[in-house]
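Each chain is listed here by its residues.
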Amino acid sequence: MRTVFSTDAVSEQERHEYWQELASKVFLGLRTERKASSPFFGRLDHREVGPLGVTYLHSSAQHVHRGETEIARAPRECYFLCMQVEGVCRLRQGREERNSHPGDVELFDGTRPGEISFDADYRRIVIVAPYSTLRPRLSRPDEMVGSVLHTREGVGALVGAYLRAFAENQVAEPVAGSVADNLLDLLALAFNTQGRHIQTNAASVREARRHALRVHVERHLSEPSLSPATAAAHFRMSTRYLHGLFAEGGESFMRWVLSRRLARCRKALEDPDMDARSIADIAFGWGFVDLTHFGRAFKKAYGMTPRDWRHEQLRQRS
């Protein structure tokens, strides 16, 4: 479904406020500040393609924030993949400030504070990708936050051409899901290899296997039997080799499984459609077999018990 919003039909005095409401709704609580004294304008063309949200933006100069307050108000585990089409974007997520020029693609983590700024009118494409679709594909997801992919040559050039075509052409289901998967694979490949020398064949194989293991975990999180042994058997590798692959990325297989199960449970506790389900039902549904262990792990990860987390979400919605 395609939705188009524009400030053209709104009085000049109300345009920025109208734009702020749109940006907050489509992009999870963003806060915008206009920069120019000239009349503000903005146009937003949004549609869903498979699991992805795709938006084409054209707007006046502005500064855009997503801080802790905005994240708490509209939490969602997702990435923003943004291609600058016209104008220059100055961005910061993490310590470094970077500039994005036409053709460049930025990677933002929706769970972390960040800001972007435009000193003049601009056009850009924004793709919202749920964690579950992209994070397992990234070799170093936490290190890549706030990075900019240049698309003038190599794999980057393929990404630029594919992303632009993806955003400008409507594809019907069920093909849309496959096309979205192809885009995510290409984006992950480009970000995974950016700034590094061409890998040896052995290193490439190990990275591909790590990626395959993460995807396998996401698909089998609800199964209590998921373990290093079952995953290793699925890929015909030894558990020692499996543990070595995850150790190279600075993590362990079961810690990865635990973090992903906790994230799915947290999302369920925030979902109004899941209010009727008990916490135990949600935990068991995502592969936990011990409620005491689940409760302790959840509190360690998010600072409060599952029950308190759910009550806080209900309070915020009331």
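Here's what I pulled together on the structure shown here.

About the thresholds
Throughout, residues of each chain are indexed from 1 in the direction in which the sequence is written. Reporting of local features is limited, given that this is a predicted model, to residues whose pLDDT is at least 70; pairs of side-chain atoms are given and counted only at 80 or more, and all residues count toward the totals for whole chains, interfaces and linings. Side-chain descriptors were evaluated using all non-hydrogen atoms of the structure, hydrogens and water having been removed beforehand. Salt-bridge detection follows one rule: a side-chain nitrogen of Lys or Arg within 4 Å of a carboxyl oxygen of Asp or Glu. Buried means the residue's accessible area, taken with a 1.4 Å probe over protein chains only, is under 20% of the maximum for its type, while exposed means over 50%, and partly exposed covers the values in between. For two strands to be treated as a pair, DSSP must find at least two bridges joining them. Helical segments are the DSSP runs of H or I of at least four residues, strand segments are the runs of E of at least two, and each set is numbered from the N terminus. The criterion used for residue contact is that any of the two residues' heavy atoms lie within 4.5 Å. Axis angles are defined between N-to-C directions and span 0 to 180 degrees, where every axis is a line fitted to C-alpha atoms and, for a helix, only to the segment in contact. As used in this structure description, the phrase polar contact means that two N or O atoms lie within 3.5 Å; if the pair is within protein, one of them must be able to donate a hydrogen and the other to accept it, and residues adjacent in sequence are counted only when both atoms belong to side chains. The scheme is simple: roughly parallel for angles under 35 degrees, roughly antiparallel for over 145, roughly perpendicular for 65 to 115, oblique for anything else. In a left-handed crossing the near helix is turned counterclockwise from the far helix by less than a right angle, and in a right-handed crossing that turn is clockwise. Gly counts as polar in this scheme, as do all residues outside two lists: the nonpolar Ala, Val, Leu, Ile, Met, Phe, Trp, Tyr, Cys and Pro, and the charged Asp, Glu, Lys and Arg.

### Description of the pattern of salt bridges
Here is step 1: For the structure shown, the criterion picks out 24 salt bridges.
Here is step 2: The closest approach of N and O atoms between R92 and E97, which form a salt bridge, is 3.5 Å.
Here is step 3: For R92, a relative accessible area of 31% gives the class partly exposed.
Here is step 4: Judged by relative accessible area, E97 falls into the partly exposed class, the value being 46%.
Here is step 5: Between D281 and R277 there is a salt bridge, with its nearest N and O atoms 2.9 Å apart.
Here is step 6: When salt bridges that share partners are traced, they join K35, R90, R92, E97 and D119 into one network.

### Structural notes on the sheet that holds strand β9 (residues 105-109)
Here is step 1: Spatially, seven strands are ordered β1-β3-β4-β11-β6-β9-β12 in an open sheet, and the strand pairing comes out antiparallel. What marks the edges here is a single partner per strand, and that holds for β1 (2-6) and β12 (148-149).
Here is step 2: Note that strand β3 (residues 42-49) and strand β4 (residues 52-59) share eight bridges and pair antiparallel. In the sheet register, H46 faces β4, and the bridge partner there is T55.
Here is step 3: Of the strands in this sheet, β1, β3 and β4 are in contact with helix α1 (residues 15-26), which crosses β3 at around 20°.
Here is step 4: Docked against the sheet, helix α6 (residues 175-193) engages β3, β4, β6 (78-86), β9, β11 (122-130) and β12, running at close to 95° with respect to β9.

### Remarks on the side chain of R310
Here is step 1: Following the sequence through the fold, R310 ends up in helix α13 (residues 306-317).
Here is step 2: At a separation of 2.9 Å, a polar atom in the side chain of R310 contacts the main-chain carbonyl oxygen of R277.
Here is step 3: Apart from residues lying up to four places away in sequence, R310 is in contact with L269, M274, D275, R277, S278, I279 and I282.

### Concerning the packing of helix α5 (residues 154-168) against α6
How two helices sit against one another is set out by the angle between their axes and by the gap between those axes.
Here is step 1: Axis separation between α5 and α6 bottoms out at 9 Å; the angle between their running directions is 150°. Overall, the two elements α5 and α6 adopt an arrangement that is roughly antiparallel. Where α5 crosses over α6, the two elements pack in a sense that is left-handed. In this structure, α5 uses V155, L158, V159, Y162, L163 and F166 to contact α6, whose residues at the interface are V179, A180, N182, L183, L186, L187, L189 and A190.
Here is step 2: Tallied by class, the residues present in the contact of α5 with α6 amount to 13 nonpolar, one polar and no charged.

### Comments concerning the sheet that holds strand β2 (residues 31-34)
Here is step 1: With antiparallel pairing, the five strands of this open sheet are ordered in space as β2-β5-β10-β7-β8. What marks the edges here is a single partner per strand, and that holds for β2 and β8 (97-100). Between one strand axis and the next, the sheet turns through 15° on average, direction left out of account.
Here is step 2: As defined by bridge partners, strand β5 (residues 62-66) adjoins strand β10 (residues 114-118) across five bridges and the pair is classed as antiparallel. Residue pairing across strands places H63 opposite S117, the latter belonging to β10.
Here is step 3: Each of β2 and β5 touches α1; the most contacted strand, β2, lies at about 155° to it.

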